[in-house]
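# Structural description and commentary
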Amino acid sequence: GWVNFNKFYDHIIDRFEMTKNDDITFKRDLPKEAYFVDIDEDKITQVLYNVISNSLKYSPEGGQVTFRAKATDGFIVVSITDQGVGIPKNVIDKIFDRFYRVDKARARNLGGTGLGLAIAKEMVVAHGGKIWAESVDGKGTTVFFTLPYEQEEEDDWS
Ligand code: ATP
Ligand code: MG
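Structural notes, computed from the coordinates. Note that the coordinates shown come from a computational prediction; the quantities given were computed from them, not determined experimentally.

The environment of ligand 1 is formed by 20 residues, the closest being Asn54, Asp82, Thr113, Gly114 and Leu117. One nitrogen or oxygen atom from the side chain of asparagine 54 is found 2.8 Å from an oxygen atom belonging to ligand 1. At a separation of 2.9 Å, an oxygen atom of ligand 1 approaches a polar backbone atom of glycine 114. For ligand 1, the accessible surface in isolation is 600 Å², of which the surrounding protein chains cover 92%. For the shell around ligand 1, the elements supplying multiple residues, two or more each, are helix H2 (41-57) and helix H4 (116-126). The biggest single contributor to the shell around ligand 1 is H2, with three residues. For the shell around ligand 1, the residue count by class is eight nonpolar, eight polar and four charged.

Turning to the side chain of aspartate 82, a few remarks are in order. Tracing the backbone through its elements, the reader meets aspartate 82 in strand E5 (residues 75-82). Only 2.9 Å separates the side chain of aspartate 82 from the backbone nitrogen of glycine 84, close enough to count as a polar contact. What aspartate 82 contacts, discounting residues up to four positions off in sequence, is Ser55, Ser59, Gln64, Val65, Lys139, Gly140 and Thr141.

Once that is clear, we can look at the nonpolar core. Phe5, Tyr9 and Leu48 are the most contacted members of the largest nonpolar core, which totals 39 residues. No other element matches the six residues that helix H1 (residues 5-19) contributes to this core. Discounting chain neighbours no more than four positions away, the residues touching phenylalanine 5 are Tyr35, Val37, Ala69, Ile76, Val78 and Leu147.

About the cut-offs
Residues numbered from 1 in each chain as written. Chains lettered and ligands numbered in written order. Predicted model: local features only at pLDDT ≥ 70, side-chain atom pairs only at ≥ 80, totals over all residues. Heavy atoms only, no water. Near = heavy atom within 4 Å. Polar contact = N/O pair within 3.5 Å; in protein donor to acceptor, adjacent residues only side chain to side chain. Areas by Shrake-Rupley, 256 points an atom, 1.4 Å probe, with all protein chains shown as cover. Helix = DSSP H or I, 4+ residues; strand = E, 2+ residues; numbered from the N terminus. Nonpolar A, V, L, I, M, F, W, Y, C, P; charged D, E, K, R; others polar. Contact = heavy atoms within 4.5 Å. Core = buried A, V, L, I, M, F, W, Y, C linked by side-chain atoms within 4.5 Å. Buried < 20%, exposed > 50% of the residue type's maximum accessible area, 1.4 Å probe, protein only.

Right, dumping it as structure tokens:
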């Protein structure tokens, strides 16, 4: 169904903020205007959950996680940036493949199956969006995804 994306995103960030480690700082950079997206809320919640869990899992002590959303031509671009270990350039697209993990030893210690981002990709694509990552190895990672939106219109009939 149709949801106000800012409200929806803000609410999910709130839930993570309540349970996060005190060492991690959250920063939000969200638009003031309302943007409406036609989504399966459970599925996009899962996308955000998988991406945010990674950014927390790979954040160093004292790290900052930045949540952004920005409207471009027809799409909201959502991004989550951390200051963690980063991902080498040559494998950055592989992280969306099933069971792929950059560092097998490290991943084993941190737990998980390597499915989180593959599931996120499947759900974003099913909504007509894209998902990708940018990273500076050793400095941090940003995961972006897009969703088609409708901007709130003035009522022409009043
Ligand atoms: P699961 O999500 O199933 O618990 P996972 O987190 O290992 O396991 P994905 O979420 O699919 O699996 O991520 C795949 C791999 O991409 C991770 O194992 C990790 O190597 C790398 N990765 C993902 N997000 C980040 C991040 N924010 N910083 C550094 N590496 C990351
Ligand atoms: Mg994960």
